[in-house]
Amino acid sequence: MDYFGPMLQVSPIDRWGGVRSFTSSADKSSGWVWWVLVILALVLSAAVVIAAVWKYGQMRRKVAGFRRAGDQAGLRTEEIKLLMHIAKLSGVKDITTIFNADGAFNRGLDRLMHSARVAAMSEAMCANLNTMLRSLREKLGFEQIIDDGTKSISSSRQIALGSSVFITLPGGDGPVEATIVSTGPSEFLVDADEPLVGHFGQVWVVRCPVGSTAWEFDATVIRSDIDGITLRHSSDIRIINLRRFPRIATNKPAQVAMFPFSEDTPDLQSPHFVPAVVVEIGGAGLLIEMPMQAHIDEKTIVIVKIDKRHQVQGVGKVRRTFTDENGNEMVAIELVGLNSDELAELVSETNIAANHRKVEVAETSETSA
């Protein structure tokens, strides 16, 4: 049987008519789908346009609010533009928060000063930028100087001009005392009695002791010349608690000897002790009045007479030296290498001194009454 005979008998014109009939019926049945797709596309396009217009309006309102806040703070047009750039670099969600957030300001400022744009500036342009940044800090009320050691800081820019700092160099023997002789928005200059040698890009550890705490940060060397070492400011400040125990006034006889690792002496000698007085005790920390010059981080041997039958002794490190109001040489020494029992004994002595102090204060009050 010839199954393909009827198909072969159909003319090309008949076949073309059949194809047109099929496609036209398919178009009629699926036409609504195309209309739905077109409508969806129009709705999505409208939503995108509305979102873009809303976002643009929000941005304009934020910029307008930022400019109003800048005008209220007395900022010039150039300063407003600079502050807006710093705010964007800081990463804050709302740029207007930069007016009251010195931490965000310092973060944005650090990113600005490390940018390629600033690195390509001429010396005159950098000087103009520093002038504008100094003006910004003053007008925004971001204190550049904080003298109260109980306050924390968010940037090394807040350390007072003329402050003493202790610098630890890579591979150095110990901290070197220096003075901040100049400070600006992006850098500060230190000078020391002993020569400091720094190379561009070196990272130094700087610690500024203030009261019972110390502000410590890493500073990158920018340049070294006859005026001193110029270091870059940092907003990564570590607060070091120098008073882990309460310091209690006391009066204990002591003997102190310097204990250097090496010493140029012709003969073998024992450490030379000098008489001293412990005037404050705070756990492993001792404040000692002694007639001997000491230097930061110098090792010592300390013997303290606790009572008639008991004394403690150990190796200490000099943490601070100063002259009190009466002209006495005072040395703060921390006993190091103590085990838990030895430390507990010193804490106990601190508590005993505190109790004695309370009794003395009470007796003095009763006598005055």
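Residues numbered from 1 in each chain as written. Predicted model: local features only at pLDDT ≥ 70, side-chain atom pairs only at ≥ 80, totals over all residues. Heavy atoms only, no water.

To continue, consider the side chain of Ser155. Looking at where Ser155 falls in the secondary structure, it is placed in the loop between α6 (123-140) and β1 (164-168). The exposure class assigned to Ser155 is buried, which follows from its relative accessible area of 0%. Of the polar contacts made by the side chain of Ser155, one reaches the side chain of Arg157; its length is 2.9 Å. Leaving out residues up to four positions away in the same chain, Ser155 has contacts with Asn106, Ser234, Ser235 and Ile237. (Helix = DSSP H or I, 4+ residues; strand = E, 2+ residues; numbered from the N terminus. Buried < 20%, exposed > 50% of the residue type's maximum accessible area, 1.4 Å probe, protein only. Polar contact = N/O pair within 3.5 Å; in protein donor to acceptor, adjacent residues only side chain to side chain. Contact = heavy atoms within 4.5 Å.)

Note: most peptide bonds trans; most residues except glycine with negative phi. Phi at Asp297 is positive, roughly 75°, even though this residue is not glycine. Along the chain, Asp297 falls in the loop between β10 (285-289) and β11 (299-307). In this structure Asp297 comes out as partly exposed when scored by relative accessible area, which is 22%.

Orientation of helix α3 (residues 77-90) relative to α6, taken along the N-to-C sense of each, is 85°, at an axis distance of 10 Å. The orientation of α3 with respect to α6, classified from their angle, is roughly perpendicular. Side by side, α3 and α6 meet where Glu78, Glu79, Leu82, Leu83 and Ile86 of the first sit next to Leu129, Met132, Leu133, Ser135, Leu136, Lys139 and Leu140 of the second. Partitioned by chemical class, the residues of the contact of α3 with α6 number eight nonpolar, one polar and three charged. (Axes fitted to C-alpha atoms, helices over the stretch in contact; angles between N-to-C directions. Parallel < 35°, antiparallel > 145°, perpendicular 65-115°, else oblique. Nonpolar A, V, L, I, M, F, W, Y, C, P; charged D, E, K, R; others polar.)

Positionally, Leu287 belongs in strand β10. Using a relative accessible area of 9% as the deciding quantity, one classes Leu287 as buried. With 43 residues separating them in the primary sequence, Leu287 and Met330 have C-alpha atoms 6.8 Å apart. When neighbours within four sequence positions are excluded, Leu287 is seen to be in contact with Val277, Val278, Val279, Glu280, Phe322, Met330, Val331 and Ala332.

Moving on, we get to the confidence of the model for the protein chain. Mean pLDDT over the protein chain: 77, with 79% of residues reaching 70 or higher. Of all the helices and strands in the protein chain, helix α1 (residues 5-8) carries the lowest mean pLDDT, 50, while strand β9 (residues 273-282) carries the highest, 92. (pLDDT = per-residue confidence, 0-100.)

Here five bridges tie strand β2 (residues 176-183) to strand β3 (residues 187-192), and the two strands are oriented antiparallel to one another. Looking across to β3, one finds that Thr183 is bridged to Phe188. Between β2 and β3, which pair antiparallel and follow one another directly, the connecting turn spans three residues. Direction of pairing for β3 relative to strand β6 (residues 228-232): antiparallel, over a ladder of four bridges. What sits directly across from Leu189, in β6, is Thr230. (Pairing = 2+ DSSP bridges.)

This part covers the sheet that holds strand β12 (residues 310-323). Ordered in space as β8-β9-β10-β13-β12-β11, the six strands form a closed barrel in which the pairing is antiparallel. Strand-to-strand twist across the sheet, computed as the mean angle between neighbouring axes with direction ignored, equals 45°.

A contiguous patch of negative charge, built from Glu177, Asp191, Asp193, Glu194, Asp225 and Asp227, is present on the exposed surface. If you trace the backbone, Glu177 turns up in strand β2. Owing to a relative accessible area of 44%, Glu177 belongs among the partly exposed residues under this scheme. (Patch = residues over 30% accessible without salt bridge, like charges linked within 9 Å, V, L, I, M, F, W, Y side chains within 5 Å. Areas by Shrake-Rupley, 256 points an atom, 1.4 Å probe, with all protein chains shown as cover. Salt bridge = Lys/Arg side-chain N within 4 Å of Asp/Glu carboxyl O. Lys, Arg positive; Asp, Glu negative; His and termini not counted. Charge placed at Lys NZ, Arg CZ, Asp CG, Glu CD.)

All told, the structure shown has six salt bridges when counted by the stated rule. With a shortest N-O distance of 2.8 Å, Asp110 and Arg157 are connected by a salt bridge. In this pair, Asp110 sits in helix α4 (residues 102-113) while Arg157 sits in the loop between α6 and β1, placing the two residues 47 residues apart along the sequence. The class for Asp110 is buried, based on a relative accessible area of 15%. Across the pair Arg319 and Asp297 runs a salt bridge, and its minimum N-O distance is 3.4 Å.

Right, let's get into a nonpolar patch on the surface. Together, Trp34, Val36, Leu37 and Leu40 make up a nonpolar patch on the protein surface, roughly 420 Å² of accessible area in all. For Leu40, the position within the fold is in helix α2 (residues 12-72). Leu40 sits in the partly exposed class, given a relative accessible area of 48%.

With that out of the way, let us pick up α3. Compared with an ideal rise of 1.5 Å per residue, which puts 14 residues at 20 Å, α3 spans 20 Å between its outermost C-alpha atoms and is within 8% of the ideal. Residues Glu79, Ile80, Leu82, Leu83, Met84, Ile86, Ala87 and Ser90 constitute the buried set of α3. (Expected span 1.5 Å × (residues − 1).)

What follows is about the nonpolar core. Core analysis: the biggest nonpolar cluster contains 25 residues, and Val256, Leu286, Ile288, Met290, Val302, Val304 and Ile333 have the highest contact counts within it. Of all the secondary structure elements, the ones that give two or more residues to this core are β8 (248-258), β9, β10, β11, β12, β13 (329-335) and α7 (340-368). Counting 22 residues, the second largest nonpolar core, distinct from the first, contains Ile86, Ala87, Met132 and Leu140. (Core = buried A, V, L, I, M, F, W, Y, C linked by side-chain atoms within 4.5 Å.)

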